[in-house]
Amino acid sequence: MAPMVCRLKYRKGEPLGLSIYPGPTFMSLSFDIREKIYQLLLISSEPIIVNPKPLNIASRESFTGLRLLTFELFAVNKAISAEAAAVFYHRNTFKFLMKLDRQYRPGYNRPSFNPWGILYSFLYVIGDVNRAYLRFLELEISQPKSVAKELNGTISSLKNGSHWVRKVHARDQYPRLYPCAQYDQYQGPTVEYISPAIEAVFRLLGSERQQLQLLLKTEMNNLPENRVLPHNGYRIGWSNEIPDYIEQMKKRFTTSLRDEAQVEVLWEVPYFKSYFVSKMKTIKNDGWEVLEILDVFGPLKLRIMEPEVLVTLRRNGKCKF
């Protein structure tokens, strides 16, 4: 309840009077002023890292993106919480890290948690109202785990640290567009694991019909490409199976009635400059469109001698699906 203000009223020739009225509150300010206050208190200059593990006060202070934000606004009342949430989710970039296992090797085992699953959990928990405010998401991903696919559709993979214990995944429902790979530890051809969370993420993003940019960040020199061994036709490395599947889910769930994609999917890859120049033609032939090339600068002690570039790309519509 707003505090009441009492004031004496005095006019010449009139008896002394008393005026009682509600005092000014934060909500009595104009919305434009309130919004500017929210922006000062809730917008981070750096991407906000979404950590799947609970943060204590000490670890929260270690994240620059969280240290200076005033989350107490969400606990004032429903009206202020709703207005603050609109600014917080709309004006910030949310980043999902890929924490790697110690024995991580691309194509052999996955990160210690599925970044697509964490992204889905975040989108689900914040609810449809806050989800509609989102505009910028960053997701670190890497080469997916290779899994064995039997003729009956059963998908299995070796558990980390074991040469024979297998984990059975859901039956493969995805038509494969690219050649299989062959690894010594598996008895037969393997395919790239497609997380069901990818489809779940785009289903949620499509349900709100919002304009959003999803930036997928990979490791150094690690852009998917189509490489096949000439003597047996098996794939080597990370193929375009996942990028094309992502484009398929984007088109299926986030395309408007006017055939306009509401979710823009971009890829960001750091490269050694000489290596990228040598691969540029192959990258374009594989269906990638190069949008931006930035030279990486910084203190020499933090860089190796080889010049680096940060490349932003997207699929150019020549996908196999």
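Computed from a predicted model, the values in this text were never measured in an experiment. (Residues numbered from 1 in each chain as written. Predicted model: local features only at pLDDT ≥ 70, side-chain atom pairs only at ≥ 80, totals over all residues. Heavy atoms only, no water.)

1. A short note on the pattern of salt bridges
Here is the rule: Basic side-chain nitrogens of Lys or Arg form a salt bridge, by our definition, when they fall within 4 Å of a carboxyl oxygen of Asp or Glu. Each helix is a run of DSSP H or I of at least 4 residues and each strand a run of E of at least 2, with the numbering of both proceeding from the N terminus. Working definition: with a 1.4 Å probe on protein chains only, accessible area under 20% of the residue-type maximum means buried, over 50% means exposed, and in between means partly exposed.
Summed over the entire model, instances satisfying the criterion amount to 12 salt bridges. In this structure, R34 and E83 form a salt bridge, with 2.7 Å as the shortest nitrogen-oxygen distance. With R34 in helix α1 (residues 31-42) and E83 in helix α4 (residues 78-91), the pair connects residues that are 49 residues apart, well separated along the chain. Both residues of the pair, R34 and E83, belong to the buried class. As a salt-bridge pair, R314 and E289 come within 3.2 Å of each other at their nearest N and O atoms. Here R314, found in strand β14 (residues 308-315), pairs with E289, found in strand β13 (residues 288-295); they are 25 residues apart in sequence, far enough to count as distant. Overlapping salt bridges, with partners in common, bring together E138, K217 and E268 in one network.

2. Comments concerning the sheet that holds strand β6 (residues 146-149)
Defined as follows: DSSP calls a pair of strands paired once it identifies at least 2 bridges connecting them.
Ordered by their spatial adjacency, 5 strands build an open sheet running β8-β7-β6-β10-β9, and the pairing between neighbours is antiparallel. Each edge of the sheet is formed by a strand with only one pairing partner; in this case those strands are β8 (166-169) and β9 (181-182). When β9 meets strand β10 (residues 189-192), the two strands line up antiparallel, connected through 2 bridges. Across the sheet, residue A181 finds its bridge partner in β10, namely T190.

3. Regarding the packing of aromatic side chains
How we decide: Paired rings are identified among Phe, Tyr and Trp, the last through its six-membered ring, by centres lying within 6.5 Å, and are further divided according to the angle between planes into stacked (under 30 degrees), edge-to-face (over 60) and tilted (the rest). Criterion for a charge above a ring: Arg CZ or Lys NZ at most 6 Å from the ring centre, at most 35 degrees from the ring normal.
According to the stated counting rule, one finds 16 aromatic pairs in the structure shown. Where F71 meets F88, the ring centres are 5.6 Å apart and the plane angle is 75°; that geometry is what we call edge-to-face. Note that F71 is positioned in the loop between α3 (64-67) and α4 and F88 in helix α4, a separation of 17 residues in sequence. For the ring pair F88 and F94, a centre distance of 5.4 Å and an interplane angle of 75° mean the geometry is edge-to-face. Overall, F88 belongs to the buried group, its relative accessible area being 6%. Over the face of the ring belonging to W288 we find R315, whose NZ or CZ atom lies 4.7 Å from the ring centre.

4. Focus on helix α8 (residues 273-285)
Where we set the bar: Helix span is expected to be 1.5 Å times the residue number reduced by one. Bend, in this description, refers to the angle at a residue between axes fitted to the seven residues ending there and the seven starting there. What makes two residues a contact is simply this: any of their non-hydrogen atoms within 4.5 Å.
Taking 1.5 Å per residue as the helical rise, α8 with its 13 residues ought to reach 18 Å, and the 19 Å between its terminal C-alpha atoms agrees with that figure. By the largest-angle criterion, K279 marks the main kink of α8, which is about 50°. The secondary structure elements touched by the buried residues of α8 are β12 (263-272), β13 and β14. In the segment just after α8, G287 is the residue with positive phi, at about 95°.

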